[in-house]
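Secondary and tertiary structure notes
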Amino acid sequence: KSVVHWFKQDLRTKDNTALHKASEKAKRDGVPLIGLYLVSPQDFEAHLTSRVRVDFILRTLQVLQEDLAQLDIPLYVETVEKRKKIPSRILELCKRWEANHLYANMEYEVDELRREALLVRKGAEIGISVNVLHDTCIVEPGRLKTGVGNQFSVYSPWYRAFVAFLHSHPNHLKIHPAPSQNPGFTRTKFKPLFEMAIPDAPISKALNDEEKHRYRALWPVGEQEACERLAKFLTKRVNNYKDKRNLPAEDGTSMLSVHFASGSISARTAIAAAQEVNSSPKLDAGIQGIMTWISEVAWRDFYKHVLAHWPFVCMNKCFKPEYTNIRWEYNDDQFEAWKAGRTGYPLVDAGMRQALATGYMHNRVRMVVASFLAKDLLVDWRLGEQYFMELLIDGDFASNNGGWGFSSSAGVDPQPYFRVFNPTLQSEKFDPEGHYIRKWVPELKEIKGKAIHDPYGKGASITAKRNGYPEPIVEHKFARNRALSRYKEGLGRD
Ligand code: FAD
């Protein structure tokens, strides 16, 4: 007999709700706990998982396997070519290991919820109890309601409710310990499982050698690494977070999104640790930098709540249906220029190139490049949303969809559509010295002063041209007016 935990985007041993419950069950029954992970190439394709993220996940699995082995827990990893077969394959493995209890943490995306529901049903038919638990959000979706009992669609009142809820339910920030050591006989009984190799990435998702070298140096993996990164951020940088978080040239943010996305650390652990450093037991009092950071981590929960309540956002639909009728431009050349970081707008180009080189882009710049695509270029924001998933190492459906909804005005954000970021002013404000631009756009390195933000408009055109930097592919003032009239027309407000 045994108990099985199915790992998904929760690749850690500590503060993993379902793993903890599975371990307790195994301990009570005096049987071993087995970890399971199924690599699903079709899921990678369907979710547009970036190659760098696939690599990050597979490397994290390697470390997780080692961490679990310390506890005598095997991690069985197998590639399942057809995603439809996943539930039946899991149940087959449970039968093989004589497991009547399977545990997993819930994922709120539509396909995943359906798959888990099927697994629960099929499991029940053959006497396997499948326990799918809330874990990834600090407060589970559906818990927080407006005064009249609805789901919040606006962040600020939602956040007030989130804070009030956690103050009255402090157990929600309680951290589960890592699982207990498996019984001594496990290693002999399940020897082959301890020798499982982590598979290579599917061919379509494999990195070349140069990329492996580059990304692996930038993004070390594992739970230990995530905890150290959190601790360093909380001791060194969090105090300045409020002032520096919007400045892409500064090392001002935690860079933990990649770990939250693969689950090598939980958001609960992050907030609980931040609270320990805070001078107040309240989430909305004490050190300013910590309060601000906690409220940012909460955005992750917020967007998952939105997704769980309005699942149609998973189906390529706008949160605000009236935004479906905008006449987009679909100009392929401009879309390609945006992807390559060759729009002639230095901050936009720096952001796109940062993402191409590292798999990551600073949050402020994500907002600027997304607004530029949806408003200045009038390219359907969903194409940008998809491209981000193919590019980012921290690609997370809910946060990405939420971010694109915010920038295109088609999402939950209550701001009206006429907020259009001016990419040059954003650049002057958030990268005033141009350090971020110079780092990622070497063609502009020699340009001094304000001209860095607008080389062709502010007297640096000769240098920019000589170095092969493109002229702006669209004029912002014209683009802004065009966007306003197209949005107005799409919304039927002529
Ligand atoms: P920190 O500033 O240290 O914040 C801590 C954590 O809070 C982050 O790791 C993240 O989990 C959460 N967080 C902060 N801001 C946001 C936010 N606006 N929305 C949701 N969570 C937030 N984040 C992703 O994790 N995956 C994505 O695919 C993603 N796509 C985005 C697309 C667009 C168009 C935009 C505007 C934002 C997107 N974000 C996404 C949110 C945000 O840009 C990143 O979470 C952040 O840049 C990660 O850096 P960090 O870990 O240093 O953040």
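Keep in mind that what you see is a predicted model, and the values were worked out from it rather than measured. (Residues numbered from 1 in each chain as written. Predicted model: local features only at pLDDT ≥ 70, side-chain atom pairs only at ≥ 80, totals over all residues.)

1. Observations regarding the site of the ligand
- Thr 253, Ser 254, Ser 257, Asn 400 and Gly 403 are the nearest of the 28 residues found near the ligand.
- Among the elements of the structure, helix H12 (257–262), helix H14 (288–309), helix H17 (363–376) and helix H19 (397–408) are those that each provide at least two residues to the shell around the ligand.
- With six residues, H19 is the largest single contributor of residues to the shell around the ligand.
- Of the residues assigned to the shell around the ligand, the class counts are 12 nonpolar, 10 polar and six charged.
- Taken domain by domain, the shell around the ligand gets at least three of its residues from each of domain 2 (137–174 + 223–309) and domain 3 (321–490). (Near = placed C-beta within 6 Å. Helix = DSSP H or I, 4+ residues; strand = E, 2+ residues; numbered from the N terminus. Nonpolar A, V, L, I, M, F, W, Y, C, P; charged D, E, K, R; others polar. Domains from an automatic or database assignment.)

2. With respect to the sheet that holds strand E5 (residues 129–133)
- Overall, parallel pairing links the five strands, which are arranged E3-E2-E1-E4-E5 in an open sheet. Since the sheet does not close on itself, it has two edges, and those belong to strand E3 (75–79) and E5, each with one partner. Geometrically, the sheet is characterised by an average inter-axis angle of 25° between neighbouring strands, direction not taken into account.
- Here four bridges tie strand E1 (residues 2–6) to strand E2 (residues 33–39), and the two strands are oriented parallel to one another. Residue His 5 lies in a different strand from E2, and its bridge partner there is Gly 35.
- Helix H3 (residues 51–70) rests against E2 and E3 of the sheet, and its axis sits at about 155° to E3.
- Taken strand by strand, helix H5 (residues 110–125) contacts strand E4 (99–105) and E5, and its axis lies near 155° from that of E5. (Pairing = 2+ DSSP bridges. Axes fitted to C-alpha atoms, helices over the stretch in contact; angles between N-to-C directions. Contact = placed C-beta atoms within 7 Å.)

3. Considerations on the nonpolar core
- Counting 124 residues, the largest nonpolar core has Val 4, Leu 102 and Leu 373 as the members making the most contacts within it.
- The biggest single contributor to this core is H14, with 10 residues.
- With near-sequence residues (within four places) excluded, Val 4 lies in contact with Ile 34, Leu 36, Cys 94, Trp 97, Ala 99 and Leu 102. (Core = buried A, V, L, I, M, F, W, Y, C linked by C-beta atoms within 7 Å. Buried ≥ 20, exposed ≤ 12 C-beta atoms within 10 Å, placed from the backbone.)

4. Considering unusual backbone geometry
- One non-glycine residue with positive phi stands out, namely Glu 98, at about 50°.
- Position of Glu 98 relative to the elements: it lies in the loop between helix H4 (86–96) and E4.
- At Asn 316, a residue that is not glycine, the phi angle is positive and equals roughly 65°.

5. Details of the domain arrangement of the protein chain
- For the protein chain, the assigned domains are domain 1 (1–135), domain 2 (137–174 + 223–309) and domain 3 (321–490).
- If you average the C-alpha positions of domain 2 and of domain 3, the two centres end up 27 Å apart.
- Each side of the interface is counted separately: domain 2 has 14 residues, and domain 3 has 16 residues.
- Those elements giving two or more residues to the side of domain 2 that touches domain 3 turn out to be H12 and H14.
- The residue makeup of the side of domain 2 that touches domain 3, split by class, is nine nonpolar, three polar and two charged.

6. Observations concerning the UniProt feature "site: Electron transfer via tryptophanyl radical" (unreviewed entry) in the protein chain
- Within this numbering scheme, the UniProt entry marks Trp 328, Trp 381 and Trp 404 as carrying the feature "site: Electron transfer via tryptophanyl radical" (unreviewed entry).
- Mapped onto the elements of the fold, Trp 328 is located in the loop between H14 and helix H15 (332–340).
- Setting aside its immediate chain neighbours within four residues, Trp 328 contacts Leu 378, Val 379 and Asp 380.
- Residue classification places Trp 381 among the buried positions, given that 25 C-beta atoms sit within 10 Å.
- Excluding anything up to four places from it in sequence, Trp 381 contacts Ala 370, Leu 373, Ala 374, Trp 404, Ser 408 and Ala 410. (UniProt positions renumbered as here; feature names shortened; annotations may be inferred.)

7. Some thoughts on H19
- Taking 1.5 Å as the rise per residue, H19 with 12 residues should run 16 Å; its terminal C-alpha atoms sit 16 Å apart, in good agreement.
- Most of H19 sits out of view: 12 of its 12 residues are buried.
- Every buried residue of H19 is listed here: Phe 397, Ala 398, Ser 399, Asn 400, Asn 401, Gly 402, Gly 403, Trp 404, Gly 405, Phe 406, Ser 407 and Ser 408.
- Taken together, the buried residues of H19 touch H14, H17 and helix H18 (381–391).
- Where H19 ends, the next residue or the one after it, Ser 409, has phi of about 75°, a positive value. (Expected span 1.5 Å × (residues − 1).)

8. What about the packing of H14 against H19?
- Look at H14 against H19: their axes get within 8 Å of each other, and the N-to-C directions meet at 90°. It follows that H14 is roughly perpendicular to H19 by the angle criterion. Where H14 approaches H19, its residues Arg 300, Tyr 303, Lys 304, Val 306 and Leu 307 are matched on the opposing element by Ala 398, Ser 399 and Gly 402.
- Across the contact of H14 with H19, the residue classes tally to four nonpolar, two polar and two charged. (Parallel < 35°, antiparallel > 145°, perpendicular 65-115°, else oblique.)

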